[in-house]
Amino acid sequence: MTFNEGGQFEGGRVRKGGRGAVGAGVGGGAALVIALLYMVLTGNSPADILGGTAPDGGGGGEQGYIGDCTAEQANTDPECRLNAAVQSLDAYWATTLPDQGGIEYELPEVVSFTQAVSTGCGNATSATGPFYCPADTTVYEDLAFYDQLSSQFGAEGGPLAEMYVTAHEFGHHIENQLGLFERADRSGTGPESDSVRIELMADCLAGMWAGNAATTEDPDTGVTFLEPISREQLEQALSAAAAVGDDNIQRRSGGDVNPEAFSHGSSEQRVKWFSIGYEGAPSRTATRWTPPPSDVTVNGMHLSARTTTPDPSGAR
């Protein structure tokens, strides 16, 4: 996915911070690493597995922000790409959420950290993978994860694959704004669990952004953020979605596939729901929102007060 020539992205949106050890609550060893990697892209609090309580949120360690970037830099430099992707997501949801959800979009904080970070959800290390913390409404990413996505999980890699990860975490922020985190029981696992349904909905929301990214304009410049997505780039994003499927992670961890331990959904489900969002995105009538506590339907993925979370089995 290529940012359009002439694009300019101001600095100051993505904070840099986090380093060093994370405290006594974190153990060591390969088993812990596997357990933490299993939480990739989760909406659950990393404190559930890492332990400890952070100060009032925010990344620790060295502070600063990703600076101004051009489109050319965003196409080659991971930090600039993250900065530009975040601004594209801001522009998309600033219009879509009020239009279809009836509420104003609130900018989440975004922190690019290295090694470790202190958050409103507890202390986290790079092994946690990217995550969204609802307690401080912040997306946390260690950009080194993108190498792991290919080397450990078998994803093809590529810019759109990286931006899919960020878009998924922003999907959790949208869910949080809609009140879905409060209504879902994210403590359980299994193919019908709320945890899986929340993750699949975030994949769908990420797909919606991707489907509109080539027509979303930068409000500061009037230039569309991204060129149309090629088939190859789309396959890279789908590969990333498949790579973080529970069944793929379980196989690559050396174990058997156990659906009852699923917390994110299978590779097939994650690809499916990203695709539903992507393919339905151009049609405004394909996505219907109502503010909580009423029902929410996103491209056929239904959430109601009765069912609590989207049905992972298929669109309806």
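Residues numbered from 1 in each chain as written. Predicted model: local features only at pLDDT ≥ 70, side-chain atom pairs only at ≥ 80, totals over all residues. Heavy atoms only, no water.

What follows is about the pattern of salt bridges. Inspection of every chain in the model, using the stated rule, returns six salt bridges. Across the pair D90 and R13 runs a salt bridge, and its minimum N-O distance is 2.7 Å. In this pair, D90 sits in helix α4 (residues 78-101) while R13 sits in the loop between β1 (8-9) and β2 (14-16), placing the two residues 77 residues apart along the sequence. Each member of the pair, D90 as well as R13, is classed as buried. Here R197 and E192 are joined by a salt bridge, their closest N and O atoms 2.7 Å apart. (Salt bridge = Lys/Arg side-chain N within 4 Å of Asp/Glu carboxyl O. Helix = DSSP H or I, 4+ residues; strand = E, 2+ residues; numbered from the N terminus. Buried < 20%, exposed > 50% of the residue type's maximum accessible area, 1.4 Å probe, protein only.)

We now examine the state of the cysteines. Counted under the stated rule, the structure contains two disulfides. Two residues share a disulfide in this structure: C69 and C80, whose sulfurs sit 2.2 Å from each other. Sign of the S-S torsion, about -70° for the bond between C69 and C80, identifies this disulfide as left-handed. Separated by eleven residues along the polypeptide, C69 in strand β4 (residues 69-70) and C80 in helix α4 bring together distant segments of the chain. Judged on exposure class, the residue C69 and its partner C80 are both buried. Here C121 pairs with C133 through a disulfide, and the sulfurs are 2.1 Å apart. (Disulfide = S-S within 2.5 Å.)

Counting 53 residues, the largest nonpolar core has F3, W93, Y164, W209 and F274 as the members making the most contacts within it. For this core, the elements supplying multiple residues, two or more each, are α3 (71-74), α4, α5 (145-151), α6 (159-177), α7 (180-183), α8 (194-212) and α9 (231-243). The leading source of residues in this core is α4, at ten residues. Each residue touching F274, except ones within four places of it in the same chain, is listed here: Y164, D203, C204, A206, G207, A210, L234, A237 and L238. (Core = buried A, V, L, I, M, F, W, Y, C linked by side-chain atoms within 4.5 Å. Contact = heavy atoms within 4.5 Å.)

Under the counting rule described, the total for this entry stands at seven aromatic pairs. Both rings, one in Y92 and one in W93, keep their centres 4.8 Å apart while their planes meet at 65°; by these two values the pair is edge-to-face. Assigned by exposure class, Y92 and W93 land together as buried. Their ring planes at 65° and their centres at 6.2 Å tell us that Y132 and F181 sit as a pair that is edge-to-face. Highlighted residues: Y132 in strand β8 (residues 131-133) and F181 in helix α7, separated in sequence by 49 residues. Accessibility assignment for this pair places Y132 and F181 in one class, buried. (Phe/Tyr/Trp six-rings, centres within 6.5 Å; stacked < 30°, edge-to-face > 60°.)

An α-helix turns once per 3.6 residues; consequently, residues spaced three or four apart project the same way. An ideal rise of 1.5 Å per residue puts 18 Å on 13 residues; α9 measures up with 18 Å between its terminal C-alpha atoms. For α9, every residue scored as buried is listed here: Q233, L234, Q236, A237, L238, S239, A240, A241 and A243. (Expected span 1.5 Å × (residues − 1).)

With mixed pairing, the five strands of this open sheet are ordered in space as β3-β2-β5-β9-β8. In this open sheet, the two strands that pair with only one neighbour each are β3 (64-65) and β8. In this structure, β2 lies alongside strand β5 (residues 109-112), joined through three bridges in parallel fashion. Opposite V14, over in β5, you have V110 as the bridge partner. Along the sheet, α4 makes contact with β2, β5 and β9 (138-141), crossing β2 at roughly 145°. Here α6 sits on the sheet and contacts β5, β8 and β9; the angle it forms with β8, its principal contact strand, is near 25°. (Pairing = 2+ DSSP bridges. Axes fitted to C-alpha atoms, helices over the stretch in contact; angles between N-to-C directions.)

Mean pLDDT over the protein chain: 75, with 69% of residues reaching 70 or higher. For the stretch residues 19-62, pLDDT sits under 50, and the model shows 115 contacts to residues farther than four places along the chain or on other chains. Low pLDDT, under 50, characterises residues 282-316; the stretch is placed with 106 contacts to residues that sit more than four places away or in other chains. (pLDDT = per-residue confidence, 0-100.)

When two helices pack together, their arrangement is given by the angle between the helix axes and by the axis-to-axis distance. Between α8 and helix α11 (residues 267-280), the least distance of the axes is 6 Å, while the angle of their chain directions is 40°. Our classification of the angle between α8 and α11 gives oblique. Helix-helix and strand crossings are classified by hand; for α8 and α11 the assignment is right-handed. Taken together, the residues of α11 that come into contact with α8 (itself represented by V196, E199, L200, D203, C204, A206, G207, M208, A210 and G211) are Q269, R270, W273, F274, I276, G277 and Y278. Taken together, the residues of the contact of α8 with α11 break down into ten nonpolar, four polar and three charged. (Parallel < 35°, antiparallel > 145°, perpendicular 65-115°, else oblique. Left-handed = near helix turned anticlockwise from the far one by under 90°. Nonpolar A, V, L, I, M, F, W, Y, C, P; charged D, E, K, R; others polar.)

Attention shifts here to empty space enclosed by the protein. Using the criterion set out here, one finds one cavity of 30 Å³ or more in the structure. Quantified by volume, the largest cavity comes out at close to 30 Å³. Forming the boundary of the largest cavity are P78, R81, L82, Y146, E162, M163 and T166. Sorting the residues of the lining of the largest cavity by element identifies α4 and α6 as the ones contributing at least two each. Residues of the lining of the largest cavity, tallied by class, amount to four nonpolar, one polar and two charged. (1 Å grid on protein atoms, 1.4 Å probe; cavity = no way out; pocket = protein on both sides within 12 Å on 5 of 7 lines; lining within 4 Å. Points joined across faces, edges and corners; volume = space filled by probe spheres on them.)

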